[in-house]
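Listed below, chain by chain, are the residues.
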Amino acid sequence: MEKRKRPSIGGIVHVYQKYDPVKFPSPSQPPPDLVTPAFEHALAYGRYRELTEEELARAVELDPSQIAALGPSIDYLRQLLEERKRKILETYETDSVQQLADRAVLQASERVRPPRPLRGLLDRAVQQRQIYLLERLYYRLGDDTHPSAGKLAVLIERMAEQYAVEELAGKYLFTGRQALTVPKALEIKEELEAIDELLRQLEEAAKTARIGLIDVEKLSEFVPEEDLGGLEELRRQVENLVRELAERQGMERDTGGGFRLTPQAYKIFQSKLLDRIFSNLQAGRTGRHQGRIEGEGSVELPATRPYQFGDSLANMDLSSSIMNNLIREPVAETRRLKSEDIEVHRTRNSPKCATAVIMDMSGSMRYDAQYINVKRMALALQGLITSEYPGDVLRFIEMYTFAKLTRPGEIIELMPKPVTIHDPWVRLKVDMSREDISELQVHPHFTNIQHALRMARQNLAAVDTPNRQIILITDGLPTAHFEDSTLYMLYPPDARTEQATLREGRLCSREGIVINVFLVPSWSQSEEDIRFAYRLAEETRGRVIFTAGRDLDRFVIWDYIDRKREILG
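Treat the numbers as computed from the prediction; the structure is a model and nothing was measured.

A count of helical and extended segments in the protein chain gives 17 helices and 13 strands. In the protein chain, which comprises 569 residues, the proportion classed as buried is 45%. Sequence separation of at least 24 residues holds for 75% of the intrachain contacts in the protein chain that already meet a minimum separation of 6. When the accessible surface of the protein chain is split by element, carbon and sulfur atoms take 50% of a total near 31,400 Å².

As a further point, take the layout of surface pockets. Approximately 580 Å³ is the volume found for the largest pocket. If you go around the largest pocket, you meet 28 residues; those closest to its centre are S364, T479, Y491, W523 and S524. Classifying every residue of the lining of the largest pocket gives 10 nonpolar, 13 polar and 5 charged.

Turning to the pairing of strand β11 (residues 486–491), a few remarks are in order. Here β11 lies mainly inside the structure; 5 of its 6 residues are buried. As judged from the 4 bridges shared by strand β10 (residues 480–483) and β11, these two strands associate in the antiparallel manner. Looking at the pairing, H481 lines up with Y488 of β11. Hairpin connection between β10 and β11: a loop of 2 residues separates the two successive antiparallel strands, and D484 in this loop has a positive phi of roughly 55°.

Another aspect to go through is the environment of M316. Inspection of the secondary structure assignment puts M316 in the loop between β3 (294–306) and α12 (318–328). Between the alpha carbons of M316 and T304 there is a distance of 8.8 Å; along the sequence they are 12 residues apart. Discounting residues that sit within four places of it in the chain, M316 has contacts with S321, I342, E343, V344 and H345.

All right, on to the pattern of salt bridges then. For the structure shown, the criterion picks out 28 salt bridges. Among the salt bridges present, the one from R328 reaches E329, with a minimum N-O distance of 2.9 Å. In this structure R328 comes out as partly exposed when scored by relative accessible area, which is 31%. Under the relative-accessibility criterion, E329 is labelled partly exposed at 25%. R506 is the partner of E539 in a salt bridge, and the nearest nitrogen-oxygen pair spans 3.3 Å.

This part covers a nonpolar patch on the surface. Together, L318, I322, M323, L326 and L337 line one region of the surface with nonpolar side chains, adding up to about 430 Å² of accessible area. Note on placement: I322 falls in helix α12. Since its relative accessible area comes to 40%, I322 is described here as partly exposed.

Rules used in this analysis
- Residues numbered from 1 in each chain as written.
- Predicted model: local features only at pLDDT ≥ 70, side-chain atom pairs only at ≥ 80, totals over all residues.
- Heavy atoms only, no water.
- Helix = DSSP H or I, 4+ residues; strand = E, 2+ residues; numbered from the N terminus.
- Buried < 20%, exposed > 50% of the residue type's maximum accessible area, 1.4 Å probe, protein only.
- Contact = heavy atoms within 4.5 Å.
- Areas by Shrake-Rupley, 256 points an atom, 1.4 Å probe, with all protein chains shown as cover.
- 1 Å grid on protein atoms, 1.4 Å probe; cavity = no way out; pocket = protein on both sides within 12 Å on 5 of 7 lines; lining within 4 Å.
- Points joined across faces, edges and corners; volume = space filled by probe spheres on them.
- Nonpolar A, V, L, I, M, F, W, Y, C, P; charged D, E, K, R; others polar.
- Pairing = 2+ DSSP bridges.
- Salt bridge = Lys/Arg side-chain N within 4 Å of Asp/Glu carboxyl O.
- Patch = residues over 30% accessible without salt bridge, like charges linked within 9 Å, V, L, I, M, F, W, Y side chains within 5 Å.

Below, the structure written as structure tokens:
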């Protein structure tokens, strides 16, 4: 009798509530990154604007497979819109409406009666169909009450409509036969452009699951209400998922409904920054994988060597030393380790480095959002030292008209100072020793490199290590300095300020502090800015490094590691 084969256990038993257990993502799949969009928002706005839950849902990218079985099909919504667009294009033609729009312009131009000297300008504007010439004619009339002013405004409107009709005919391929009026053509143009925008949103949502990108109110004009209800439910589910993931990744809700970044979120973001920086290392660069620098140190290496007089026995490799003794005297009754038996671990020096990072937050750092790149660099550098070089000392200094020590947790809230003087020539001074004068009363947007260098020098002087450096990140010449208690604010940059700054640089050099200048691009940067940076760096045997602002974090990190390698060598 043939033995019956038992049915195998496993496979899909039942698909419940539209969830497909085969297509649903694995629990081991990395969660979507909510920390990065939250930090990018904080870098851009500081404490001036909170990140809302809706904005976070729009920014985060989810795995589309996580929402594939929920709510209405995005492909179905796209098909509805594309079908509506197809019907419009197959219904109408645009040749006749272009002729109507052109005729309307000519008719409106015949009603305009400008003064004789301006008739040539009118004829040229109509012949070339140039609205800017009609606007010039309107202003040359000199009076809104002129009899031709109102008619000229109507002509400008007719010509703008002709532009829109021609854009409609050029952008879309109409194959129908039904004629359009000009108002109807403008209405069709608005509808088709809305459909195109919704299709773009749906396509993006299908790739990234950013349901918040979809304009549901606009979509309701083209999609049945029952489908929109499912989309709203899907949006709520995605927002709930985002809220849960935000809590897991170190973002807490505050009393105002926004998100607060916790130390856990800082660690995650800094780790992602460093991963991105080191993933771009070129093949010829060693990055963090620096060679072994042998000598008396605290970091033991796997390799060993024979003991030499003067070596510390604290680094002895006990197992290798005993094996050497057994090989030398295999049958000895009592054993005594001799110097030729002993092996010690090779060690690596771990010198401490003290660094002060001066971050320019003057008014000019708003250009091309350079202040965001500076803050991102500071967070990456702080993350590197915390994880790789915990013995190093790192200080951050915010620089504007004054200089101020900044804790790492405050970096993300820094913002460039608002420009409060727009005069092309500024010569100001103020005695800061006066009791009736405070920093809040002083224009904040100037660049006081001298004060920042002094603060950095004073902080580094107290650190017990000869390896001290200043990383100065700025976009050009200083525009403020102190002489005793008097603060000078001079623009355009003055030689007096430059000399005071170079004197402070020489004081840094006397104390063995190296200044490396990272020069970021600026709209006002000139050859003189570059020459000053070179002069300041030469005073302390430092360097000037030109950076594309968006790569500032990579340049600073690599330079810091190269500096560590030089110290070790």
